[in-house]
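Observations on the three-dimensional arrangement
The chain contents come next:
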Amino acid sequence: MADVSLKEAALIVGVVAACYWNSLFCGFVFDDVSAILDNKDLHPSTPLKNLFQNDFWGTPMSEERSHKSYRPLTVLTFRLNYLFSELNAVSYHFLNLVFHVVVCVVFLKVCKLFLDNKSSVVASLLFAVHPIHTEAVTGVVGRAELLSSIFFLAAFLSYTKSKGPDNTIVWTPIAVTVFLVAVATLCKEQGITVVGICCVYEVFIAQGYTLPVLLGTAVQILRGKGSIPFSMLQTLLKLIVLMFSTLLLVVVRVQVIQSQLPVFTRFDNPAAVSPSPARQLTFNYLLPVNAWLLLNPSELCCDWTMGTIPLVESLLDVRNVATLTFFCFLGSLLVFSLRYPGDSSKTVLMALCLIVLPFIPASNLFFPVGFVVAERVLYVPSMGFCILVAHGWKKLSNKSVLRKISWVCLAAVLFTHALKTLHRNWDWESEYTLFMSALKVNKNNAKLWNNVGHALENEKNFERALQFFIQATQVQPDDIGAHMNVGRTYKNLNKTKEAEESYMIAKSLMPQIIPGKKYAARVAPNHLNVYINLANLIRVNESRLEEADQLYRQAISMRPDFKQAYISRGELLLKMNKPLKAKEAYLRALELDRTNSDLWYNLAIVYIELKDPTEALKNFNRALELNPTHKLALFNSALLMQESGEARLRPEAKQRLLHYVKEEPQDANGYFNLGMLAMDDKKDTEAEAWMKKAISLQPNFRSALFNLALLYSQTAKELMALPILEDLLRYYPDHTKGLILKGDILMNQKKDIVGAKMCFEKILELDPNNVQGKHNLCVVYFEERDLIKAEKCLVETLALAPHEEYIQRHLNIVRSKIASLGTTEQSSFPPGGTAAAGGKKKSFQNLKEVKNEQKTTQTTIDNNKGHSKNGKLTEKNSMDKEIPRRSTQEIKDIEKKRVAALKRLEEIERILNGE
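Residues numbered from 1 in each chain as written. Predicted model: local features only at pLDDT ≥ 70, side-chain atom pairs only at ≥ 80, totals over all residues. Heavy atoms only, no water.

Helix and strand counts for the chain come out as 39 helices and 0 strands. Out of the 915 residues belonging to the chain, those deemed buried represent 53%. Contacts in the chain between residues at least 24 apart in sequence constitute 67% of all its contacts with a sequence separation of at least 6. (Helix = DSSP H or I, 4+ residues; strand = E, 2+ residues; numbered from the N terminus. Buried < 20%, exposed > 50% of the residue type's maximum accessible area, 1.4 Å probe, protein only. Contact = heavy atoms within 4.5 Å.)

A few words now on a nonpolar patch on the surface. A surface patch of nonpolar side chains, amounting to about 530 Å² of accessible area, comprises Leu 48, Leu 76, Leu 80, Leu 83 and Phe 84. Position of Leu 83 among the secondary structure elements: in helix H3 (residues 72-85). In this structure Leu 83 comes out as exposed when scored by relative accessible area, which is 54%. (Patch = residues over 30% accessible without salt bridge, like charges linked within 9 Å, V, L, I, M, F, W, Y side chains within 5 Å. Areas by Shrake-Rupley, 256 points an atom, 1.4 Å probe, with all protein chains shown as cover. Salt bridge = Lys/Arg side-chain N within 4 Å of Asp/Glu carboxyl O.)

Here we take up helix H17 (residues 431-441). Those residues of H17 not exposed but buried are Glu 431, Leu 434, Phe 435, Ser 437, Ala 438 and Leu 439. Residues of H17 that are buried sit in contact with helix H2 (31-37), helix H16 (403-427), helix H18 (446-458) and helix H19 (462-475).

On the secondary structure map, Thr 421 appears in helix H16. Since its relative accessible area comes to 0%, Thr 421 is described here as buried. Among residues more than four places away in sequence, those in contact with Thr 421 are Cys 19, Tyr 20, Val 129, His 130, Pro 131 and Thr 134.

Attention shifts here to the confidence of the model for the chain. Fine structural detail should not be taken from predicted coordinates in areas where pLDDT scores are low. Looking at the chain, pLDDT values average 85 and 87% of them are 70 or higher. Contacts of residues 516-521 to residues separated by more than four positions or lying in other chains number 5 contacts, the stretch itself having pLDDT below 50. In the predicted structure, residues 823-915 sits below a pLDDT of 50 and forms 236 contacts with residues beyond four places in sequence or in another chain. (pLDDT = per-residue confidence, 0-100.)

Within this structure, the stated rule accounts for 1 disulfide. Left unpaired, Cys 301 is separated from the closest cysteine sulfur, that of Cys 302, by 5.1 Å. Judged by its relative accessible area of 0%, Cys 301 falls in the buried class. (Disulfide = S-S within 2.5 Å.)

With 236 residues, the main nonpolar core has Phe 107 and Phe 156 as its most contacted residues. Broken down by element, the residue count for this core peaks at 11 residues, all from helix H9 (residues 194-206). Beyond its immediate sequence surroundings of up to four residues, Phe 156 is in contact with Val 110, Leu 113, Phe 114, Val 194, Ile 197, Cys 198, Tyr 201 and Met 350. Among the nonpolar cores identified, the runner-up in size contains 15 residues, and Trp 57, Val 75, Ala 89 and Val 140 belong to it. (Core = buried A, V, L, I, M, F, W, Y, C linked by side-chain atoms within 4.5 Å.)

To continue, consider the environment of Ser 276. By the secondary structure assignment, Ser 276 is in the loop between helix H11 (230-256) and helix H12 (278-295). Taking the C-alpha atoms as reference, Ser 276 lies 8.4 Å from Glu 313; in sequence the two are 37 residues apart. A polar contact of 3.5 Å, which involves the side chain of Ser 276, links it to the side chain of Arg 279. (Polar contact = N/O pair within 3.5 Å; in protein donor to acceptor, adjacent residues only side chain to side chain.)

Our next topic: the packing of helix H24 (residues 563-575) against helix H26 (residues 597-609). Put simply, H24 and H26 touch, their axes get as near as 11 Å, and they point 20° apart. The pairing of H24 with H26 is recorded here as roughly parallel in orientation. Considering the relative orientation of H24 and H26, their crossing is left-handed. Contact with H24, carried on its side by Lys 563, Ile 567 and Leu 574, involves Leu 599, Asn 602, Ile 605, Val 606 and Glu 609 of H26 and no other residues of that element. Looking at side-chain class alone, the contact of H24 with H26 contains 5 nonpolar, 1 polar and 2 charged residues. (Axes fitted to C-alpha atoms, helices over the stretch in contact; angles between N-to-C directions. Parallel < 35°, antiparallel > 145°, perpendicular 65-115°, else oblique. Left-handed = near helix turned anticlockwise from the far one by under 90°. Nonpolar A, V, L, I, M, F, W, Y, C, P; charged D, E, K, R; others polar.)

Where helix H5 (residues 117-129) meets H16, the closest approach of the two axes is 8 Å, and the angle between their N-to-C directions is 25°. For the element pair H5 / H16, the angle class is roughly parallel. Of the two possible hands of crossing, H5 and H16 adopt the one that is left-handed. The residues of H16 that touch H5, namely those facing Lys 118, Val 122, Leu 125, Leu 126 and Val 129, are Trp 407, Leu 410, Val 413, Leu 414, His 417, Ala 418 and Thr 421.

Further remarks concern the pattern of salt bridges. Where side chains of opposite charge bring their charged atoms close, a pairing between them can arise. Per the counting criterion, the structure on display carries 37 salt bridges. Here Asp 593 ties to Lys 563 by a salt bridge, and the two come within 2.8 Å at their closest N and O atoms. In this pair, Asp 593 sits in the loop between helix H25 (579-592) and H26 while Lys 563 sits in helix H24, placing the two residues 30 residues apart along the sequence. Here Lys 563 falls in the buried class, since its relative accessible area comes to 19%.

All right, on to H25 then. Its 14 residues place the ends of H25 20 Å apart at the C-alpha level, agreeing with the 20 Å of an ideal helix rising 1.5 Å per residue. Residues of H25 that are buried include every one of Pro 579, Ala 582, Ala 585, Tyr 586, Ala 589 and Leu 590, and no others. Down the axis of H25, the smallest arc covering the buried residues is 140°, so these residues share one side. Away from the buried face of H25 by more than 90 degrees, exposed residues Leu 580, Glu 584 and Glu 591 are located. (Expected span 1.5 Å × (residues − 1). Arc of directions from axis to C-beta.)

So this is what it looks like as structure tokens:
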């Protein structure tokens, strides 16, 4: 076996680098989004065991929506990429390029088993530059092909060493081969087909048998005129070992997918659900289509599903001629390679094996696949094609008449293929460029129109996206997903009526439920999202909540295991003030998936509504056990601990808030609540720092501004509080508590009676019945020595709050002062306070601003892309914006916060009074 020289390896590296350097500038597109961006198995926080329990896309193998593509070792390399560079696409593309180089070098070594040195280099170079490989190399998910190919070729090379001197068996290479086959299969399923190639190699190459010899020997044995030769027995033994190991791998693989085939729709592979003979004719026609892509890769497309290739429905279809021609050519090569001895027939045979056997899993022969044509599955079959071309070129170049022409043709092919590959790489730069390039090749695929629309939608270009989605519905009128896309885009454009109409069209295309009969049809979960999206749209109207609930229940009746329907229904039931029913919905969803952290989080919110903080905290903790970085659970569980008033919970609350701000460093709420915790713990310096951080991120953060000012006033830094209050009142001129605090500081610290008076008068302009503001204005009148006005003011104040003893006491003081005008003038009010009674400054009652509300947004769906996960922060701080009308639930939330805060206010009052 000839080795690969350093010069040859350097040539391959240079050629691959020249063809694929621009792939480093491409992003994550198409299937990369699901396999990389949305795949939690890449995250270091996900246990490694999940890689061996989930499919290639991060979906549990047990779920019906799983594609059953089990490639844990490939996902492991993605995880290593993520560990070093997270989601930097350059590192992922660079590693793919390196793997392609390795495949090319190992392939060169394999070629030297059947070709001379020059032809082997030609085959390897053609393989290196072939444009059909751009999907496997430039598309990150194509790494499955690259990795599987490395171990595929390594397993074959190992097996070629299993024949010892005198035709003895060397078992070590066979054991290594079995191991490498298992590794190749864990990278991608087609890796197992190398066993078939090893069997063909053993019989026809290593042992040198031809088909006539094997048939003659079999006839002699059957007639009893001979016995099986010892060499043939050894061959059988090796083949039995290989086949047994393959059978074991197949059994394990079937167990992994739990004996379930993946579920695909008729849009993914129309021929798979077509009747005979259309199914057989179409599947056979796809073989010459794939062969043509290898022979003439001028028109490449990232997606060949749906209407890309119309069904071959009749024997009279002219495309059957291509099918017949293909099988005739393939059959003639097969007969030549099996019937005649010699190196040429052996080369052709091995080339055919590399073309045919690795392609069988994608051929729909044993089971339907989720695509019509996929360019990346031709990565290994193209090796056999390149060997055939190199072998044919060798035959031509050996003839003196054709030598120069053969070299010119070879140079032209390599150059044009390299240019095509380089140009094709740019198509993978973004999803928009990729799908637009596909539309140039095929305009009959609604999925492509949808995907261009999705790309534009991600750029917030909804108007243009809508045009492509509408075109998709015209190309494929029964495409449920296309109508859902139209509806979602109309919703984004605030065209609710049009959105509802589109959703209703999509809903009408769903299989209908027959009353009284059990629904038995299998529907793709992403299509069931039409019920979720429509319900989410109409439930904005308070009068249509029951109608929305009916849609959720309809989705559940169609698929009782439709988890998202329970989640969305639970959120709706909370909105309808039915927490017990919401609890039932979430518990049912948890029966389907107990590993979903969002579900535990939503259940915690239900328990908050049920006024059961203990159970709520338990469920928050369950959510964090499953997902330690669940932002909403971190934030709201910390708030729950903080509002419980239990000092023992404060350290854990602080740790969770610190974790939250690490995950969300730009969210001022996290720093604000850290400041509130520090105030509770009397850590004034720390509280000041956190409040300042919150204000730096959100300068108009009302609660943070007020509480920082209050903190300064508590710690004898009243003058530092004034500029903070000025900022607060500039943003919120009607902030009553800010005006009260400012007025108190102006009167007692700055001795600015006029400024204080303006503050209290402003309060009464906003709320004439504000007792604190009116009482403090009475104090101003007293300080101005206008006793008559002060008396009248206090009488009016007492009428507003007849049970407040301190107001009556102050009124008595004023009246006593008026009665003793002849005595020495001095204030009978306690010094240093705007108004006092019983040693407490009642002007500071309830001054401490309540914290931001619980973030209780549920997990919802409003798309048909199959993504339906994390909850969102919908309100940064409900205290930061005025809402003209409040719902009953909002009023309950505010009351709950007020009650929770009152326990701390008495302590704040004592601090303010210097007690």
